[in-house]
Amino acid sequence: MTRALIVDDRQDNLYLLRALLQARGWEVEEAADGAAALEQARRVAPDIVVSDLLMPVMDGYTLLRHWQADEALRGIPFVVYTATYTEPQDERLALDLGAAAFAIKPQEPDHLAALLDGVLANRPAAPAAGPPAAPADEGQLRQYSEVLVRKLEKRTAQLEEANRRLEADLAARREAEQALRKSETDLRLAQARANIGSWELDLAQGTITASDEMRRLIGRGAAAGPLPLAELAAVLHPADRWAVEAGGVWSLREPRAGRQQVRVRHGDGATTWIECRAETEFDAAGTPVRVSGTAQDVTERQFLMERLADSNDQLRALAARMDRLREEESSRLSRELHDELGQALAGLKLDLATLHTRLGAVEPGLAERVRSMQSQIDEMVRTTRDIARRLRPRVLDDLGVLPAIEAQAAEICRRMGARYELVSDVDNEALVEPALATAVFRVVQEALTNIARHAGATRVDIAVQRQSDLLTVEVRDNGKGMADPPAPGRATLGLLGMQERAAAIGGQVTVEGFPGKGTVVTLRVPLPRQMEAV
Ligand SMILES: Nc1ncnc2c1ncn2[C@@H]1O[C@H](COP(=O)(O)OP(=O)(O)OP(=O)(O)O)[C@@H](O)[C@H]1O
Ligand SMILES: [Mg+2]
């Protein structure tokens, strides 16, 4: 059986070689460097040695020299198998030193096997006897040292190159770290400047990791490390806790970005408003994996919004008061015009009738003048009534809102040549309260005026209905249909007036246009309790 000694400092190389040679039925011995190989070979001589060159303790060239110098070993073929020494000079030196063959790693198993077989077949029949080979001559030593120096230079160059790359890597990493630190600082400054903090919720631990600014916003500037959720809940206004909890529960159920405004109570007794935005990320299985978001101090904005709402309320109250005063004034003027001026004119007309009778036979010319004065007074009475009615229909005060609506609809529809119908399941007496009656009438009046001016309708339907304590008044026309209802707040004066009047009695008006089909104006008002009894 062929005994092979394989020499290599790398375990994986030894393993591969051993596998290859044992598969051929050889017996295999191993050594990890030249010195060990020499010792082993002197104990039990192999039939062939396959050796690496670059090895610690004793390299392959030195082993080869000792091999050749040893009378017992010299005849045993020495095969060099190297991955590092690959140049022609390297091979020449090995062969000059007495190597039987020189192979560069890695070799195909078949090639290597054929090479070893060839070496074994060509080995001298008997070990070369005679004096030990002359120690390596000077030429060979120079050659050897040249190979080593070249190798060293190549290695050094490789190391330098590796070093350069490492340094470049390090510099890039330092730069990246610096950039990271800078962007962290930038982020912190930006958060501080914009009063925006950021946070991330650890779902497993039930803790919140908050940025510096976030900690400041919730009055936990001094605290370090993640905050337990309970601690966060403790700084919230009690009335806002449930909203945060509910928002949290929702955000874990479905992917959606949430936004909430909550109050934070600070140690010094102050309360601030913060607006929190949160976003939940889910994994492919739909399990929430990360909840994170921002928070912003919106105390100032909240304060301004409250002031704006207050001043809106005040303006609305003022407008309602002006309206009431105007209605009262109109009502008074209307009554005076009707009662006093009307009475005076009626008296004047009566006197003129007497005068006309008296003058009739005596002064026919004067009698004619008196007649003309009479008809002028008739005209004045009509005008006065008209003005009085326009100021405020007496029928509203005298008979109530339903007859007033009926009269208004009759007049407007007569003028525009449309039919109308008024249906009501509400008692007129249920709507006597002056503010309610006036508002309902004025809203219907504006709706009717709009129909006359804009709709081109041939039919108008007015329905007054009551469902428990909600009064609904609907004015529907079959005209061209209001194009685009103006957005709330951008309404023109007529629509705005309707809204305001409705708001003054706690109700609201909606306007829906159906192009080509008509428009529906609906007033909804909650009826006061005492009226329900009627
Ligand atoms: N019944 C309707 N059919 C069609 N368009 C309508 C109807 N009612 C209102 N509009 C449209 O809505 C607009 C707003 O109505 P609004 O009553 O606010 O203003 P206006 O009637 O034009 O002026 P005013 O301030 O004198 O009432 C009208 O200009 C008109 O274009
Ligand atoms: Mg109008």
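Right above here is the structure, for reference.
Each value, and the rule that gives it
The numbering scheme is per chain: residues are counted from 1 as the chain's sequence reads. For naming, the first written chain is A and the first written ligand is 1, with later ones following in the order written. Local features in a predicted model are, by the rule used here, given only for residues with pLDDT of at least 70; side-chain atom pairs are given and counted only at 80 or more, and totals for whole chains, interfaces and linings are based on all residues. Paired strands, as defined in this entry, are two strands with at least two bridges between them according to DSSP. The helix count covers DSSP runs of H or I at least four residues long, the strand count covers runs of E at least two residues long, and both are numbered beginning at the N terminus. Near, for a residue, is defined by distance from a backbone-placed C-beta atom to a molecule or strand, with 6 Å as the limit that must not be exceeded. Each residue is assigned to one of three groups, with Ala, Val, Leu, Ile, Met, Phe, Trp, Tyr, Cys and Pro labelled nonpolar, Asp, Glu, Lys and Arg labelled charged, and all others, Gly among them, labelled polar. Each residue is classified by how many other C-beta atoms fall within 10 Å of its C-beta atom, where C-beta atoms are placed from the backbone; a count of 20 or more means buried, 12 or fewer means exposed, and values in between mean partly exposed.

A. Quick peek at the pairing of strand S15 (residues 508–514). Here 7 bridges tie S15 to strand S16 (residues 518–526), and the two strands are oriented antiparallel to one another. Looking at S16, one finds that Glu512 is bridged to Val520. Counting the residues that bridge the hairpin from S15 to S16 gives 3 residues, and of these Gly516 lies at a positive phi of roughly 80 degrees.

B. Quick look at the site of ligand 1. Around ligand 1, 15 residues are found, and the nearest of them are Asn450, Ala455, Thr492, Leu493 and Gly494. Put simply, the parts of the chain that give the shell around ligand 1 at least two residues each are helix H14 (434–455) and helix H15 (493–504). If you tally residues by element for the shell around ligand 1, the top one is H14, at 5 residues. Residues belonging to the shell around ligand 1 are distributed by class as follows: 6 nonpolar, 6 polar and 3 charged.

C. Spotlight on the sheet that holds strand S11 (residues 288–297). Reading across from one edge, S8-S7-S6-S11-S10-S9 is the order of the 6 strands in this open sheet, with antiparallel pairing throughout. In this open sheet, the two edge strands, each paired with only one partner strand, are strand S8 (227–228) and strand S9 (258–265). Of the pairings in the sheet, the one linking S9 to strand S10 (residues 271–282) comprises 8 bridges and is antiparallel in character. Note that in S10 the partner of Val264 across the bridge is Thr272.

D. A look at the pairing of strand S3 (residues 48–51). With burial as the criterion, each face of S3 is covered, one bearing Ile48 and Val50 and the other bearing Val49 and Ser51. Pairing between strand S1 (residues 3–7) and S3: 4 bridges, direction parallel. Its bridge partner being in S3, Ala4 is matched across the sheet by Ile48. Where S3 meets strand S4 (residues 78–82), 3 bridges bridge the pair, whose relative direction is parallel.

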